[in-house]
Amino acid sequence: CFNLMDITCVIAKGTVDCESKSDESQSDKKEGGLSISTDAKVCNEVIEISELLLTRRGAQYQSGSGKTIWRGQKEILVDFFLTSECDYIQNILLRADDESQRGLNSLYKDGEESGKNISRCLLVNRIHIANQTLTASASSQIPRRLKKLRDGAGTNATIPASLFTLEMNMETLQSHLGSEESPYKGGNCTSLRACEAVIDGLCNLSCHPNINVRGNALSITDFLMTRFGWVVKHRTSRLLSAISLRDDDLKGVDGIPSTQELVTQVNAQGRRTRLAEVVKGVLKLVSLPKILKHMMWNETDRFELVKTVCGTQRLLSLLPPEDVAKVVYYVNSIFLLFRSRNFSLLRVSQADQMAHESCLEFLIDMLQDGSKSATAPDEKSDEVADDSDAGEMHWRDRLVASWFLLQFVDEKDLVTTKPQLMSKVWTTCFTLIKEEVGQPIQRVSLGLLGRLVSLALVDMSQPESIGAGQPDVSLLREFFTSEQACKALGNALVYDHREDTSVGGGHGAQWSSGVQEIIRDATANLSTRTLFPFQRVSVKTSIYKLQHSQLLCSALLAIGYKNAKVAVGYLLAQATELVASPPSEDQRNQQCTAAEIFGGVCRAMLLYSTTPEDREIIWDTLLLPFLEDAVQKTPTYIIGAYFDACRWGIHHFPPKHFFPLLKFTVMKVQTTLWQRDGVEETEQGSGVATAMADRFALQSKWLYFIQSVLIELDGEDDVGATSKLPWYTAGLLHDNVLASEGSNDEEIEL
């Protein structure tokens, strides 16, 4: 291990800097150090030897594949189906008193002849494979045993300084290889420290200029993490600092070259090729499962990862143009891996809470001030200052920051975090909804609004939240009582639909890698999950987004009845404008959004109503006038959205809550059905024919719409049961609705 460690140190010394560094001495080239470091065959041999010494140790590590082969041989040689058929034929011959079958054992799997259906060779091979498995398992436990003997049973023991160094040269290496005695005789120079130094060398080879060497070193390093898992803990900060260009004094630490020093080094073509190679290697190391898993178990490490992923704008501006796309892809791969494994952490200490709040403040600052650098490193040279990005942040960085903010906010933040911080979160969410018109970040902001509203309505009666207080929704009330804010919210809901592929050539959206996943997560956070509809009749259209109606309903319930009445007026006014939108590529989404607004407003106001008089006023003054105007202006292919919106608005309510809607729809059907207005068929011209066609379309709309009301009628046989809530709605409706039902003895007159 010590000889292998020396070789990796020599290779690292030759590749730690750019190949055209001005202060490189000619003596190193003559000594052969540069030729060894750039020889791909030598590097690959070193990687293979490292794998043999650190993981296999002569054990039969491929016992798993051998066991698979043995199972296949057993299935081929032991055909149980054929055996059963032979048993059956033999029994038939015995019953037929066949002389040739006399003397054979009919009990094939029982008695003296049993157990011989497996060959002796297969049995011996299975024992040999089991022995190999035990040997390999014992070999994998050797590094852990050495670690336990050195540091004790504790997991927080300090690892000694690494033996890996960049001071090794070819002459020293030759002397060490030719010496009969090991030059490392100290008590601290143990084989375990040598193995850890070899891992440092493999991390350096993961940043090698040769792409094949980098790939081989990464695969072996990933395998080594399963045997030397404790080395991951002390490498995460070093890897993230290399990506963030904040490693001035960390050259060669953990085998990673200093990216900050490589910024000032260019090759013969004037490009920072070596910087790009190191950055790509470090990004691949961070994306290893073991390393990324460790970063997710601590709030501080998560914060550092967030700063690194969201602060790559300056790094990308320094890389050669041909390497920018690859680096962006590697960074996005880290983000997607984090997204696929993300989970909520329980903050049990004050340090975790402070790290969590610092992360939220950082994300809010990024979204509020796009010109602020995510890492803001100190510029120490004129070259670095000239290359630094002084403009606004890239839209992708802000989009990723909004996703992190969406995922990291939880119900405890609304009641335990500093009020000033949560006020910034609400304000940032509202600002992005108003300003980022039609952008993906606006859709993520809608998801953040839905998450905040849902968390505000969460029952805080759990044992850990008793006495924590109620969330402050004053900014939410202020937002929904503003006409301009409600209009901006309506427009944001319009853009939160899929594109109308029937307009503009039929091409769907082509998002870059990672953006589609972010939008999908934002949509999932718009509202809580529901099983709507419970009835067998499914939804009528796929363009209607139930989450939008749920979002508006939850927001109106959170701000109180008085503020909700003001907000309902603004929202229905915006919906009226959307219904009358002129033909365009967004017309379908605008008219569908109007239906979603109606569904959310209808359900919220019915939940607020406590008396029949209140429900009569709500239907006659707010909902029915809008519905009459909207159905007349909405095309037939969009009427399915109102079908679903109406069902959602009255879903799980007793029929007496929407009895005015039933009377209204029946009246509309009666007044529009087969009405000709005294026009004779013989005198019909082109204009009259058009009017008849429009009237027929209107009749069809109302007939289609009344079906949604009839579907939601309770199908109980007992007439008195029609005024009762279904048994499964106890946790789905607001408390005031349940209280208003009383004894449920009242019957409805239809």
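Remember, predicted model here, so these are calculated numbers, not experimental data.

J.: What is the right way to read the overall build of the protein from this model?
T.: What the protein contains, in helices and strands, is 34 helices and zero strands. Residues counted as buried form 47% of the 750 residues belonging to the protein. Long-range pairs, those at least 24 residues apart, make up 79% of the contacts in the protein between residues at least 6 apart in sequence. When the accessible surface of the protein is totalled, it reaches about 37100 Å², and 52% of it is carbon and sulfur.

J.: Teacher, can you tell me more about a nonpolar patch on the surface here?
T.: A cluster of nonpolar residues, Tyr88, Ile89 and Ile92, forms a patch on the protein surface that exposes about 320 Å² of accessible area. Among the secondary structure elements, Ile89 is positioned in helix H6 (residues 80-95).

J.: What should I look at first to understand the nonpolar core in this one?
T.: The tendency in soluble globular proteins is for nonpolar side chains to be buried as a group. By size, the foremost hydrophobic cluster in this structure holds 185 residues, and its most contacted members are Phe404, Leu449, Leu476, Phe480, Tyr642 and Leu661. In terms of residues, this core owes the most to one element, helix H29 (residues 587-608), which gives 12 residues. Those residues in contact with Leu449 that sit more than four places away from it in its chain are Trp426, Cys429, Phe430, Ile433, Leu476, Leu489 and Leu551.

J.: In this structure, what is going on with the side chain of Ser258? I would like to understand it.
T.: Within the secondary structure, Ser258 sits in the loop between helix H12 (236-243) and helix H13 (259-262). Polar contacts involving the side chain of Ser258 include one to the main-chain carbonyl oxygen of Asp247, which spans 2.7 Å. Contact partners of Ser258, with chain neighbours within four places excluded, come to Arg238, Asp247, Asp248 and Lys251.

J.: I tried to follow the state of the cysteines on my own but got confused; where do I start?
T.: A covalent bond bridging the sulfur atoms of two cysteines is what the word disulfide describes. Taken as a whole and judged by the stated rule, the model has zero disulfides. Not engaged in a disulfide, the cysteine Cys203 finds its nearest cysteine sulfur in Cys207; these two sulfurs lie 7.8 Å apart. On the accessibility criterion, Cys203 (4% relative accessible area) is buried. With no disulfide partner, Cys646 has as its closest neighbouring cysteine sulfur the one in Cys602, 6.6 Å distant.

J.: Looking at this model, I keep getting lost on the environment of Trp395. Mind explaining?
T.: Here Trp395 lies in helix H21 (residues 395-408). In this structure, the C-alpha to C-alpha distance between Trp395 and Gln439, residues 44 residues apart in sequence, is 9.4 Å. The contacts of Trp395, once residues within four sequence positions are left out, are Ser512 and Val515.

J.: So what exactly am I meant to see when it comes to unusual backbone geometry here?
T.: Peptide bonds are, in most cases, trans, and in most cases residues other than glycine have a negative phi. Residues other than glycine seldom take positive phi values, yet Asp254 does so here, at roughly 60 degrees. The residue Asp254 is located in the loop between H12 and H13 in this model. Despite not being glycine, His652 has its phi angle at roughly 65 degrees, a positive value. Note on placement: His652 falls in the loop between helix H31 (639-650) and helix H32 (659-672).

J.: Teacher, can you tell me more about the packing of helix H11 (residues 211-224) against helix H14 (residues 273-286) here?
T.: The description of two packed helices rests on the angle between their axes and on the distance between the axes. The contact between H11 and H14 brings their axes to 10 Å, and the two run at 25 degrees. When the interaxial angle is binned, H11 and H14 end up roughly parallel. Crossing angle aside, the handedness with which H11 passes H14 is right-handed. Touching Arg214, Leu218 and Thr221 of H11 are Glu277, Lys280, Gly281, Lys284 and Leu285, all from H14.

J.: Would you mind going over the side chain of Gln590 with me for this structure?
T.: Assignment of secondary structure puts Gln590 in helix H29. By relative accessible area, Gln590 is classed as buried at 18%. Setting aside chain neighbours within four positions, we find Gln590 in contact with Val494, Leu578 and Ser581.

What counts, and where the lines are drawn
Residues numbered from 1 in each chain as written. Predicted model: local features only at pLDDT ≥ 70, side-chain atom pairs only at ≥ 80, totals over all residues. Heavy atoms only, no water. Helix = DSSP H or I, 4+ residues; strand = E, 2+ residues; numbered from the N terminus. Buried < 20%, exposed > 50% of the residue type's maximum accessible area, 1.4 Å probe, protein only. Contact = heavy atoms within 4.5 Å. Areas by Shrake-Rupley, 256 points an atom, 1.4 Å probe, with all protein chains shown as cover. Patch = residues over 30% accessible without salt bridge, like charges linked within 9 Å, V, L, I, M, F, W, Y side chains within 5 Å. Salt bridge = Lys/Arg side-chain N within 4 Å of Asp/Glu carboxyl O. Core = buried A, V, L, I, M, F, W, Y, C linked by side-chain atoms within 4.5 Å. Polar contact = N/O pair within 3.5 Å; in protein donor to acceptor, adjacent residues only side chain to side chain. Disulfide = S-S within 2.5 Å. Axes fitted to C-alpha atoms, helices over the stretch in contact; angles between N-to-C directions. Parallel < 35°, antiparallel > 145°, perpendicular 65-115°, else oblique. Left-handed = near helix turned anticlockwise from the far one by under 90°.

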